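Residue strings, one per chain:
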Amino acid sequence: MADFVSRIMIEVEKNMEMKRKRLKEVYVKAADPFERGRQHGSQVKEEIARVCAGYGKSFEKKGYTWEEACSMAMEYVPFLEQEMPELMAEAKGIAAGAEVDLAVVMVLNTRYELLKFKKGVNAYENAECTCYALTPEATKEKETIGGQNWDNAPFIGENLYVIHIDEENGTKIAGLCEPAQMLRNGMNNHGLSLNCSTLLSKKDVRGIAVPTNFMRRRLMQCRTLGEAEEILRSFRPCVSLNYVLASAKDQDCVVYETTPVENFVLKPSQGVLTQGNDIQADPTLDRFVPADRDHQHHFRGQRLGYLLRKCAGEITPEYIQECLRDHYGAPASVCNHAGDQNLQTIASMLYFVSRGYALIAWGNPCETAYERYDL
């Protein structure tokens, strides 16, 4: 069945004309963090309202009311006011600009952590995203590139936007964002890119730590790979996640598989580094070991790595795009069409940290053309 679906999708891809879709762009420029947030929130009021309706259903499937989700999210505020006061002030600014309660902004920024646990009901655990990073050793133009296919629910994909942040302190950031979030993935003018993918560990616990959306944004404030790594080395999460960093200055890349037990570091081979949704450093921690037919998330990172290493030293942007359209193992393939699980590739990206711009396809890259977004 999988081979049949794969063949059909390949034929469709060959015969269809790529749709051209451009994401909304949000521009933020201020030294004051509250003002940055206010500018951000004021531009995405409608998107926040729409995505909250979708997340309300997501929490309901896990057994929580929206009010319970808000209460749990607000538990993070005192901790973040101590650990990341600047970004917490920005979150308050987002709420003010969007004219919503702070609890709404906090739910949207802690949804990854909160939705990893259920309350008295069974719910499928989505394994989301396939990431990669390439050093000059791997690429034809001897450049550094990072990116991913971002897999999630269609209602999230419908409300994405590209955010441009000028902190007026020498740091500029551009990346993809869900409504009211600090950041999902992106690049900065210091030559760093960040992409992330879900990890599901047996050791994940409900607790209070820096939520990933705050951590992602903090990492994109870094000026060097070493600075970002220092932050991740001391990070103690309650919920596991992959952080994939690429640096043009260092001509290097790294993966941090962060778990409540330990943060594992993975380095590139042939200048190629890929990551799906499995804990490669210590598979015994993975929530789905061995992988079964209903949780085929263990092959996507390996599949993308295989494809990229086939052309190591000669990888072009066009070849990366071809790899990100791969349907091997469909529907839960690198280009993900697992609609029956309310999951699909909602965006596909290449962050050219050496060039200072991104190419992003809004939706499945087999259907949608890549558009350029400058830092």
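Further up the page is the structure itself.
So, here is what we can say about the structure in this document. This structure is a prediction, so every number in the text was calculated from the model and none was measured.

1. Topic: the pattern of salt bridges
Next, step 1: Under the criterion given, the structure shown has 23 salt bridges.
Next, step 2: Of the charged contacts in the structure, one is a salt bridge between Arg-22 and Glu-371, with a shortest N-O distance of 3.7 Å. Of the two residues, Arg-22 sits in the loop between helix H1 (2-15) and strand E1 (24-29) while Glu-371 sits in strand E14 (residues 370-374), which places them 349 residues apart along the sequence.
Next, step 3: The salt bridge involving Arg-111 is made with Glu-178; its shortest N-O contact spans 2.4 Å. Of this pair, Arg-111 sits in helix H7 (residues 102-114) while Glu-178 sits in the loop between strand E5 (172-177) and strand E6 (185-188); the two residues are 67 residues apart in sequence, bridging distant segments of the chain. An identical accessibility class is assigned to Arg-111 and Glu-178; each is buried.

2. Some words on the packing of aromatic side chains
Next, step 1: In total, this model carries five aromatic pairs according to the counting rule given.
Next, step 2: Look at Phe-235 and Tyr-243: their rings are 6.3 Å apart centre to centre, the planes differ by 80°, and that puts the pair in the edge-to-face class.
Next, step 3: Between Phe-299 and Tyr-328, the aromatic rings sit 6.5 Å apart at their centres with planes inclined by 75°, giving edge-to-face as the arrangement. Of this pair, Phe-299 sits in the loop between strand E11 (272-275) and helix H11 (300-310) while Tyr-328 is found in the loop between helix H12 (317-324) and strand E12 (344-352), placing the two residues 29 residues apart along the sequence.
Next, step 4: Here Arg-22 stacks its cationic end above the ring of Tyr-373, 4.1 Å away from the centre of that ring.
Next, step 5: For Arg-372, the ring lying beneath its charged end belongs to Tyr-357, and the centroid distance is 3.8 Å.

3. Details of the pairing of strand E7 (residues 192-198)
Next, step 1: A large share of E7 lies buried, amounting to seven of its seven residues.
Next, step 2: Burial along E7 is two-sided: Leu-192, Leu-194, Cys-196 and Thr-198 and Ser-193, Asn-195 and Ser-197, pointing in opposite directions, are all buried.
Next, step 3: In the sheet, E6 pairs with E7 via two bridges, with the strands oriented antiparallel. The residue bridging Gly-186 from the neighbouring strand is Leu-194, located in E7.
Next, step 4: The turn joining E6 and E7, which pair antiparallel and follow one another in sequence, is formed by three residues; a positive phi near 85° is taken by Gly-191.

Cut-offs applied
- Each chain has its residues counted from 1, following the order in which its sequence is written.
- Residues qualify for local features only when their pLDDT is at least 70, as the model is predicted, and side-chain atom pairs are given and counted only at 80 or more; totals for whole chains, interfaces and linings, by contrast, use all residues.
- Side-chain metrics in this entry use all non-hydrogen atoms of the structure; hydrogen atoms and water are not considered.
- A carboxyl oxygen of Asp or Glu within 4 Å of a side-chain nitrogen of Lys or Arg is what we treat as a salt bridge.
- Only DSSP runs of H or I with at least four residues qualify as helices, and only runs of E with at least two residues qualify as strands; both kinds are numbered from the N terminus onward.
- Each residue is assigned to one of three classes by its accessible area relative to the maximum for its type, calculated with a 1.4 Å probe on protein chains only: buried under 20%, partly exposed between the two thresholds, exposed over 50%.
- Aromatic rings from Phe, Tyr and Trp, with only the six-membered ring used for Trp, were paired whenever their centres fell within 6.5 Å, and each pair was classed as stacked if the ring planes differed by under 30 degrees, edge-to-face if by over 60, and tilted otherwise.
- Whether a charge sits over a ring depends on NZ of Lys or CZ of Arg being within 6 Å of the ring centre and within 35 degrees of the ring normal.
- By definition, two strands form a pair when at least two bridges between them are found by DSSP.

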